[in-house]
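One letter stands for each residue in the lines below.
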Amino acid sequence: MMGPWRSRIHVGEGASVAWATTWFFFILLSYSIVRPLRETMGAIVGPQGLQGLMLITFGVMLVAVPAYAALVARLPRRWVVRIVFHFFCVCLLLFSIGLQSGSETLRSWTAWVFFIWVNVFALVATSVFWSVLADLFSNRQGKRLFGMIAAGGTVGAITGSFLTSQLAAPLSTSLILLLPLAAIQCGLWCAWRLEKQTDCLHRSDPDREQHRDDGRPTGGGLLTGIARVLSSGYLASICGFLVLIQAGGTMLYFQQAEIVAQQVADDGQKTQLFAYIDLGTQTLTLLLQIVFAGPILRRLGVSVALVLLPLVYGLGFSALAVSQTLPILVVTMIACRSTAYGIAVPAREVLFTVVSREDKYKSKNFIDTVVLRGGDALTGQIFGSLRNFAGFGLATLNICAIPIAIGWGVLAWNLGRQQRRLAQQTHGNPSDHLAPDDQGSNKQSGPGQR
């Protein structure tokens with residue numbers, strides 16, 4: 001498969017793709033190590049406890065996003081990346097120390113704060129990464145390369161899931177937390193190397209060569225990004241699509257917590273089960289990214305790539321409406337999450353290659369954090385209220401979710417069409433978005449040719 005992958009990389013892009021792929025490897029490696037630990041806590045606290053944690057996470061996002069916007073407005077891109085990821089490293093070190101404390105109260109508070117931190121880290125770390133890539137790579141390059149780069153992250157996620165499944169029993173949680181700290185530091189070195197390739201990457205694409213930037217601060221403030229979201233129909237559509245992703249994922253997450261709590265007794269077995277679910281998810285994700293993501297985006301378009309996710313979720317809700325057994329839950333979780341990571345993530349990041357640089361950082365970060373966690377919090381409250389107060393069963397809730405998935409699919413299709421129109425307006429070359437990228441025969445051409 002390396003032959004077709006190499007043919008996607010044009011002259012001057014190789015080093016950038018390599019460093020971006022390796023950086024994403026370390027980001028998802030670190031996240032996949034801590035995720036099963038978060039899932040175990042979610043199963044322990046149950047749906048009612050999760051409702052409160054989702055609300056607290058949303059509140060933390062309301063504080064974190066203005067702070068991030070202030071960094072973006074005042075500091076160059078390379079310093080924003082360093083400050084954000086060094087902050088996460090300091091947090092991991094404090095969690096490791098807190099969990100070794102002799103105070104039971106301190107350990108309990110550390111565990112609860114850790115759950116919230118993982119949710120914040122999952123969104124902010126990946127949002128910063130894809131913001132940088134949407135800034136560095138053009139729409140044309142993104143369609144060719146984002147699936148490949150995402151596959152590197154998937155390999156990291158597989159590695160992290162495997163490590164956690166093997167280390168959860170022999171090592172304490174406090175020691176395991178030192179592994180993602182080291183992974184983040186390795187990723188920062190890759191980010192620095194990627195930044196060094198900016199000029200070479202821009203020269204490889206004439207569209208970017210005409211609109212170059214040096215990673216300078218964007219100026220303005222958070223309100224500018226929010227105002228852009230409110231005034232742009234395109235950004236609003238992206239918000240709607242991502243909120244529905246969170247709604248579907250949160251609904252499955254709550255069902256996972258309830259079903260696993262009922263059918264798996266031991267906490268260690270819960271952690272191992274979640275690690276194996278992650279391992280299965282990331283293995284299938286890697287297959288989708290290697291075989292399908294690039295061809296779907298280049299040949300079928302962004303609309304088709306986006307529609308696949310609500311289709312799979314609709315099938316998953318239908319299966320769970322019939323039976324809420326552990327095997328069906330596991331298959332549904334793996335199918336939905338692998339489609340999201342393998343197909344929808346590269347597609348949705350291509351959506352941001354056609355917006356302004358300010359939108360790529362401020363509006364995108366607001367969408368990827370506040371909007372997404374707002375969707376989490378809202379869905380959690382609705383699901384918990386219907387389940388605990390209205391007395392809805394899981395089968396009924398899954399049946400109600402099916403028409404929502406259909407509407408989600410319609411929105412996804414229209415969003416892809418909007419992206420195509422904006423790409424044509426930006427570059428004035430419709431053929432680039434209607435045929436296999438760069439017309440196939442010229443894929444090894446120089447920077448000035450197509």
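Preceding block: the structure.
Residues numbered from 1 in each chain as written. Predicted model: local features only at pLDDT ≥ 70, side-chain atom pairs only at ≥ 80, totals over all residues. Heavy atoms only, no water.

Asker: Can you walk me through the overall build of the protein chain in this structure?
Answerer: Scanning the protein chain from terminus to terminus reveals 17 helices and zero strands. With 450 residues in all, the protein chain has 58% of them scored as buried. Residue pairs in contact within the protein chain that sit at least 24 positions apart in sequence constitute 87% of those at least 6 positions apart. Split by element, the accessible area of the protein chain, about 17,100 Å² in all, is 67% carbon and sulfur. (Helix = DSSP H or I, 4+ residues; strand = E, 2+ residues; numbered from the N terminus. Buried < 20%, exposed > 50% of the residue type's maximum accessible area, 1.4 Å probe, protein only. Contact = heavy atoms within 4.5 Å. Areas by Shrake-Rupley, 256 points an atom, 1.4 Å probe, with all protein chains shown as cover.)

Asker: Help me out: how do you make sense of the side chain of Thr154 in this one?
Answerer: For Thr154, the location among the structural elements is in helix 5 (residues 139-167). For Thr154, a relative accessible area of 2% corresponds to the buried category. Residues in contact with Thr154, not counting those within four places in the same chain, are Leu28, Gln282, Thr285, Leu286 and Gln289.

Asker: What is the right way to read the packing of aromatic side chains from this model?
Answerer: For any pair of aromatic rings, the description rests on two quantities: the centre-to-centre distance and the angle between the ring planes. Taken as a whole and assessed by the stated rule, the structure comprises 21 aromatic pairs. With centroids separated by 5.0 Å and ring planes inclined at 5°, the aromatic side chains of Trp117 and Phe121 adopt a geometry described as stacked. Here Trp117 and its partner Phe121 are both found in helix 4 (residues 104-136), four residues apart, which amounts to about one turn of the helix. On the basis of relative accessible area, Trp117 is assigned to the buried category, the value being 7%. Looking at Phe121, the relative accessible area reads 1%, which means it is buried. It is Arg82 that lies over the ring of Trp79; its NZ or CZ is 4.7 Å from the centre. (Phe/Tyr/Trp six-rings, centres within 6.5 Å; stacked < 30°, edge-to-face > 60°. Lys NZ or Arg CZ within 6 Å of the ring centre and 35° of its normal.)

Asker: Help me out: how do you make sense of the nonpolar core in this one?
Answerer: Buried together is how nonpolar side chains tend to be arranged in soluble globular proteins. In this structure, Trp23 and Phe85 are the most contacted members of the largest nonpolar core, which totals 121 residues. When neighbours within four sequence positions are excluded, Trp23 is seen to be in contact with Val81, Phe85, Phe129, Val132, Gly187, Cys190, Ala191 and Leu194. (Core = buried A, V, L, I, M, F, W, Y, C linked by side-chain atoms within 4.5 Å.)

Asker: Would you explain helix 4 in this entry?
Answerer: In an α-helix, one full turn covers 3.6 residues, which means residues spaced three or four apart are oriented alike. Taking 1.5 Å per residue as the helical rise, helix 4 with its 33 residues ought to reach 48 Å, and the 47 Å between its terminal C-alpha atoms agrees with that figure. Of all the 33 residues making up helix 4, 25 are buried; the element is thus mostly covered by neighbouring parts of the structure. (Expected span 1.5 Å × (residues − 1).)

Asker: What exactly am I supposed to notice about the packing of helix 13 (residues 302-322) against helix 14 (residues 326-350) here?
Answerer: Angle between the axes and distance between the axes: these two values describe a pair of packed helices. As a packed pair, helix 13 and helix 14 sit with axes 9 Å apart at the nearest point and diverge in direction by 165°. Comparing the axis directions of helix 13 and helix 14 gives the class roughly antiparallel. Here helix 13 and helix 14 pass one another in a crossing that is left-handed. Note on element contacts: helix 14 touches helix 13 through Ile328, Leu329, Thr332, Ala335, Cys336, Thr339, Ala340, Ile343, Ala344, Ala347, Arg348 and Val350, opposite Val302, Ala305, Leu306, Leu308, Leu309, Val312, Tyr313, Gly316, Ala319 and Leu320. When grouped by side-chain class, the residues that make up the contact of helix 13 with helix 14 number 18 nonpolar, three polar and one charged. (Axes fitted to C-alpha atoms, helices over the stretch in contact; angles between N-to-C directions. Parallel < 35°, antiparallel > 145°, perpendicular 65-115°, else oblique. Left-handed = near helix turned anticlockwise from the far one by under 90°. Nonpolar A, V, L, I, M, F, W, Y, C, P; charged D, E, K, R; others polar.)

Asker: Would you mind showing me how to read the environment of Tyr313 here?
Answerer: Along the chain, Tyr313 falls in helix 13. The contact partners of Tyr313, leaving out residues within four places of it in the chain, are Ile245, Gly248, Gly249, Leu252, Cys336 and Trp408.

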